[in-house]
Amino acid sequence: QIPKDPTQRQVWELAALSKRLQQVHPNVLAKVLKQGTVYQNEEIVVINKPYGLPVHGGPGIKNCITDVLPILAKMLVNMKAEPLHLCHRLDKETTGVMVLARSKEVADRIRLLFKTRQVEKIYWAISVGDPDPAEGVVEIPIIEKEVRSNQPHYKMTLAPNYRLSPEDGKVVKIRKNRDAESAVTQYRLLARSSACSLLELQPITGVKHQIRVHLAYGLGCPILGDHKYSHWSKLAPQKLPEITLKRLKLEQSKARHLPLHLHAHRLSLTLGQRIDLVCKPPLFFRKTLERLQLDIARD
């Protein structure tokens, strides 16, 4: 049943699109990625990754980017083309700039650039609530933990090096957790409206779910549509403020369909020369900006 309300229909269409991407023929998927090509030269191919498409295979995943790289290479060059190589990853729900290498050597070079933090990555996210202060750096280690609830599951969470002393309320350093990974995210508020914000984020490190965890648990403003990190102890849809629901023309009971609004907007790296790659956000992201009246000066 397709909903009549435009916003509910948009949410429904996205859920359907994510499902459809899992069911299409690999050739069709490769064609979708080809249409999303934003840049190519003799060393790399850059695509604008669609929403809901996993990078790697796994249980219950029929289609993923890795599987169609040989087909995409042939579509872009010719039938004799070598398969393309993955250089980094994005979460299934994240959209935006993704770099693929034409050879294993180039892929290794780019992976090393990522590893040694020589790639500048700029993300855009719509968050629920706004960060205070409006710009800054979150530098809190991250660790994976089991959530013991009626549905036990694993989540990434913060493992701070400091806590407040119960005796006098002073900040005291605590022993670093051996399993925690250092994580640093720079952030800046670009616009705020309707109890939401548009944020520009620059992850300096590359820990799993880093931006999502730093925003939700570090700054207290989870990403819109991030149902996993909007609560700690349960798996439940994100609870949205009245004004946000009103502007999105959405009922709270339908909020669970809202997609994650996290987009890899820009990526800069040096391969001989400096390459600056930009992907504009997908249509659903732009529509949400419009509905929430998050206006930004075009860069």
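Conventions adopted
Residues numbered from 1 in each chain as written. Predicted model: local features only at pLDDT ≥ 70, side-chain atom pairs only at ≥ 80, totals over all residues. Heavy atoms only, no water. Buried < 20%, exposed > 50% of the residue type's maximum accessible area, 1.4 Å probe, protein only. Helix = DSSP H or I, 4+ residues; strand = E, 2+ residues; numbered from the N terminus. Pairing = 2+ DSSP bridges. Domains from an automatic or database assignment. Contact = heavy atoms within 4.5 Å. Buried area = accessible area lost by both parts, 1.4 Å probe. Axes fitted to C-alpha atoms, helices over the stretch in contact; angles between N-to-C directions. Parallel < 35°, antiparallel > 145°, perpendicular 65-115°, else oblique. Left-handed = near helix turned anticlockwise from the far one by under 90°. Nonpolar A, V, L, I, M, F, W, Y, C, P; charged D, E, K, R; others polar.

## Here's the deal with the pairing of strand 13 (residues 262-271)
Of all 10 residues in strand 13, 8 are buried; the element is thus mostly enclosed. Sheet topology note: the strand 4 (residues 95-101)/strand 13 ladder contains 2 bridges and is parallel. Looking at strand 13, one finds that threonine 95 is bridged to histidine 263. Here strand 5 (residues 120-128) runs beside strand 13; their pairing, made up of 6 bridges, is antiparallel. Residue pairing in the sheet places isoleucine 122 in a bridge with arginine 266 of strand 13. With 6 bridges connecting them, strand 13 and strand 14 (residues 273-278) associate as antiparallel partners. Each residue of the ladder has a partner; that of leucine 271, found in strand 14, is glutamine 273. Here strand 13 folds back onto strand 14, and the loop between the two strands holds 1 residue, one of which, glycine 272, carries a positive phi near 80°.

## Quick notes on unusual backbone geometry
The omega torsion of the bond from aspartate 132 to proline 133 falls at 5°, within 30 degrees of zero and hence cis. With a phi angle near 60°, arginine 117 is a residue other than glycine that sits in the positive phi range. Its place among the elements puts arginine 117 in the loop between helix 4 (104-115) and strand 5. Taking relative accessible area as the criterion, arginine 117 reaches 51% and is therefore assigned exposed.

## Looking at the domain arrangement of the chain
When cut into domains, the chain gives domain 1 (15-116) and domain 2 (120-269 + 282-291). For domain 1 versus domain 2, the distance between C-alpha centres works out to 26 Å. Across the boundary between the two partners, domain 1 contributes 14 residues, which contact 15 residues of domain 2. Taken together, the two surfaces of domain 1 and domain 2 that pack against each other cover about 1,100 Å², and 68% of this comes from carbon and sulfur.

## Side note on the packing of helix 1 (residues 6-23) against helix 7 (residues 283-291)
Orientation of helix 1 relative to helix 7, taken along the N-to-C sense of each, is 155°, at an axis distance of 12 Å. Judged by the angle between their axes, helix 1 and helix 7 are roughly antiparallel. As for the relative orientation of helix 1 and helix 7, their crossing is left-handed in sense. Residues Pro6, Thr7, Gln10 and Leu14 of helix 1 form the contact with helix 7, whose participating residues are Phe284, Lys287 and Arg291. Across the contact of helix 1 with helix 7, the residue classes tally to 3 nonpolar, 2 polar and 2 charged.

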